[in-house]
Amino acid sequence: MPQLNSVLLVGGSGFLGLHLIQQFHVHSPHTKITVFDIRPLPSKLSKFFTFDPREIAFFQGDLTLAQDVSKAIRQSQCDAIVHSASPMHGMAQAIYEKVNVEGTFNLLKVAKEEGIGAFVYTSSAGVIFNGQDVVNADESWPYPEVHMDGYNETKATAETAVMKANDPAGSGFRTVCLRPAGIFGPGDRQLVPGLKASAELGQSKYQLGDNKNLFDWTYVGNVADAHVLAAQKLLDEEARDEVCGETFFITNDAPTYFW
Ligand code: NAD
């Protein structure tokens, strides 16, 4: 197993971010974990988490500011960066452009300058979605000419930049993009709260399509576990070529794996 001494989790205070901490804590116990986020880590966690948030190094900062990112990368002395920061669904296009595009470009630039070896980006399965059915797609499925919305468009732009930045033979900067679809599990701030809000407003009597639509939902612990494996693989001299410069859809295998 390759040695991952220190990982920087950008967006680590979020729903997926807390599960990233948990999965690194459990599966890579010797790795120092540092979180970089615009909002603080919660001081109290639910029973699903076994780490103590007071023992996690934390930098509060904005991904779009080079000096904030640079300070966190230098002080954490990280070997790998996992970038899972993004605005939530339903925001204005300008916010997605600012954080997903400018922020990711900024993070890539600083990470390269600081000589980081491994960069894992949390993309989204939505990068290939334009509202039409997607059946039996694999990672060769092209981006649509017109994206579903600003969120997915900017995730695709960021993903493209992350893949282009992959440069194993030159600077040694290795990148991979992971594409979950819907994520569910403890701490979710969008799916269940959104359904609950709709139900409370009585918005339960509409139907999309023929009511046989399928959608892919993945347990958050599995999505986080995939990130740990991706970071480890990027640092593994023998296995890194299998993943670097690639995108991967992330979904559940049956049965769902709960840590
Ligand atoms: P979340 O909102 O809970 O977490 C995102 C985190 O990013 C937050 O803690 C937020 O404070 C941080 N952040 C936002 N802007 C920032 C900035 N400028 N600087 C620093 N930090 C900033 O969202 P999540 O559901 O945990 O999503 C995590 C990642 O997974 C995102 O990249 C999202 O696009 C992707 N994703 C989520 C889902 C889903 O169903 N939740 C599905 C597919 C992909």
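Figured I'd write up the structure that's included with this text. (Residues numbered from 1 in each chain as written. Predicted model: local features only at pLDDT ≥ 70, side-chain atom pairs only at ≥ 80, totals over all residues. Heavy atoms only, no water.)

## Some points on the site of the ligand
Part 1 of the argument: Taken together, the neighbourhood of the ligand is formed by 27 residues, with D37, Y151, K155, A181 and R189 sitting nearest.
Part 2 of the argument: Here an oxygen atom of the ligand and a backbone polar atom of F15 are 2.9 Å apart.
Part 3 of the argument: R189 is positioned with one of its side-chain polar atoms (N or O) 2.6 Å from an oxygen atom of the ligand.
Part 4 of the argument: Elements represented by at least two residues in the shell around the ligand include exactly helix 1 (15-27), helix 4 (150-165) and strand 7 (182-184).
Part 5 of the argument: Each residue belonging to the shell around the ligand can be placed in one class, and the counts come to eleven nonpolar, eleven polar and five charged. (Near = heavy atom within 4 Å. Polar contact = N/O pair within 3.5 Å; in protein donor to acceptor, adjacent residues only side chain to side chain. Helix = DSSP H or I, 4+ residues; strand = E, 2+ residues; numbered from the N terminus. Nonpolar A, V, L, I, M, F, W, Y, C, P; charged D, E, K, R; others polar.)

## Points about the environment of F49
Part 1 of the argument: Following the sequence through the fold, F49 ends up in the loop between strand 2 (32-37) and strand 3 (57-60).
Part 2 of the argument: With 137 residues separating them along the chain, F49 and P186 place their C-alpha atoms 9.5 Å apart.

## Side note on unusual backbone geometry
Part 1 of the argument: Even without glycine at this site, Q77 takes up a positive phi of about 50°.
Part 2 of the argument: The topology assignment puts Q77 in the loop between helix 2 (66-76) and strand 4 (80-83).
Part 3 of the argument: Not every positive phi belongs to a glycine, and N136 is a case in point at roughly 50°.
Part 4 of the argument: Its place among the elements puts N136 in the loop between strand 5 (118-122) and helix 4.
Part 5 of the argument: Overall, N136 belongs to the exposed group, its relative accessible area being 76%. (Buried < 20%, exposed > 50% of the residue type's maximum accessible area, 1.4 Å probe, protein only.)

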